[in-house]
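# Secondary and tertiary structure notes
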Amino acid sequence: MDPLSPAPSPREVWEQQYRSGGWDYLAGEDEAGRYLAIAQLCRLHIGDGSVLDVGCGAGILAACLHRHAAVEPARYTGIDLAQEALDRAAAVCPGARFSRLDYASELVPGRYDGVIFNETLYCFVDPGAIIDKCIAQNMPAGSLLFVSMYGEHHAPLWEALAARCDTLDQRIVENGRGVRWRIRVLLPRSH
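Residues numbered from 1 in each chain as written. Predicted model: local features only at pLDDT ≥ 70, side-chain atom pairs only at ≥ 80, totals over all residues. Heavy atoms only, no water.

Check the secondary structure of the protein chain and you find 6 helices and 7 strands. Scanning the protein chain from its N terminus toward the C terminus, one meets helices and strands in the order α-α-β-α-β-α-β-β-α-β-α-β-β. Rg of the C-alpha trace for the protein chain: 16 Å, near the compact-globule value of 16 Å for 191 residues, within the 12% margin. Counting only C-alpha atoms, the protein chain reaches 50 × 35 × 30 Å along its principal axes. (Helix = DSSP H or I, 4+ residues; strand = E, 2+ residues; numbered from the N terminus. Rg over C-alpha atoms; globule rule 2.2 N^0.38 Å.)

Pasting the structure below:
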């Protein structure tokens, strides 16, 4: 890389990763259990309520929510930085709303029964500020956060969430390669 040329923006990085197939493995069997667990938790806790999926990628979770949680595409909104991912998502889940948006710096209109951070919360520079923004702008009283993170190295982030929310439910999912996800359903304490 030329040291004088500007570094690519986060959007450009994500676009390139999707174009090159870097995230295609997410549609594989090793990841399916995590998506199914999130869908089951959504069905149990919000039924067919409205959903905001922050960092929706190629729409794998959107399709799973429709199939396994009765979330109608019209009640689902997915946002992502990469247009390539969103184009794929629209093909996988027609009728759902997808927008190219940076949640760290842009506003998402609307309020939702559930907001999902599926392997995305730790991608933000200040995850605590993102949760505060989400609670204030996109979550009416009683709406829930669904947070999935793999591995055991996110303890500080789980602690930050515990300082803001009560845990209503949790699932641990492990795939055949030993990768473990913790998925929590969280109720914010204040609005």
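There's more to say after this.
Turning next to the packing of helix H1 (residues 10–19) against helix H4 (residues 83–92). Relative to each other, H1 and H4 sit at 50°, their axes nearing to 7 Å. Comparing their axes, H4 and H1 come out oblique. On the side of H1, the interface is formed by Glu-15, Tyr-18 and Arg-19, while H4 contributes Gln-83, Glu-84, Ala-85 and Arg-88. Its residues assigned to classes, the contact of H1 with H4 comprises 2 nonpolar, 1 polar and 4 charged. (Axes fitted to C-alpha atoms, helices over the stretch in contact; angles between N-to-C directions. Parallel < 35°, antiparallel > 145°, perpendicular 65-115°, else oblique. Contact = heavy atoms within 4.5 Å. Nonpolar A, V, L, I, M, F, W, Y, C, P; charged D, E, K, R; others polar.)

Moving on to the environment of Glu-119. Considering the arrangement of structural elements, one finds Glu-119 in the loop between strand E4 (114–118) and helix H5 (127–138). A C-alpha to C-alpha distance of 9.7 Å links Glu-119 and Cys-56, two positions 63 residues apart in sequence. Ignoring anything within four residues of it in the chain, the contact list for Glu-119 reads Arg-34, Ser-148, Met-149, Tyr-150 and Trp-181. Separated by 3.2 Å, the side chain of Glu-119 and the backbone nitrogen of Met-149 make a polar contact. (Polar contact = N/O pair within 3.5 Å; in protein donor to acceptor, adjacent residues only side chain to side chain.)

Another aspect to go through is the nonpolar core. With 29 residues, the main nonpolar core has Leu-65, Tyr-76, Phe-98, Ile-116 and Phe-146 as its most contacted residues. Among the elements of the structure, helix H2 (29–46), helix H3 (60–69), H4, strand E5 (144–150) and strand E7 (180–188) are those that each provide at least two residues to this core. In terms of residue count, the dominant contributor to this core is H2 (7 residues). Grouped together as the second largest cluster of nonpolar side chains are 24 residues, Ile-79, Leu-145, Leu-161 and Cys-165 included. (Core = buried A, V, L, I, M, F, W, Y, C linked by side-chain atoms within 4.5 Å. Buried < 20%, exposed > 50% of the residue type's maximum accessible area, 1.4 Å probe, protein only.)

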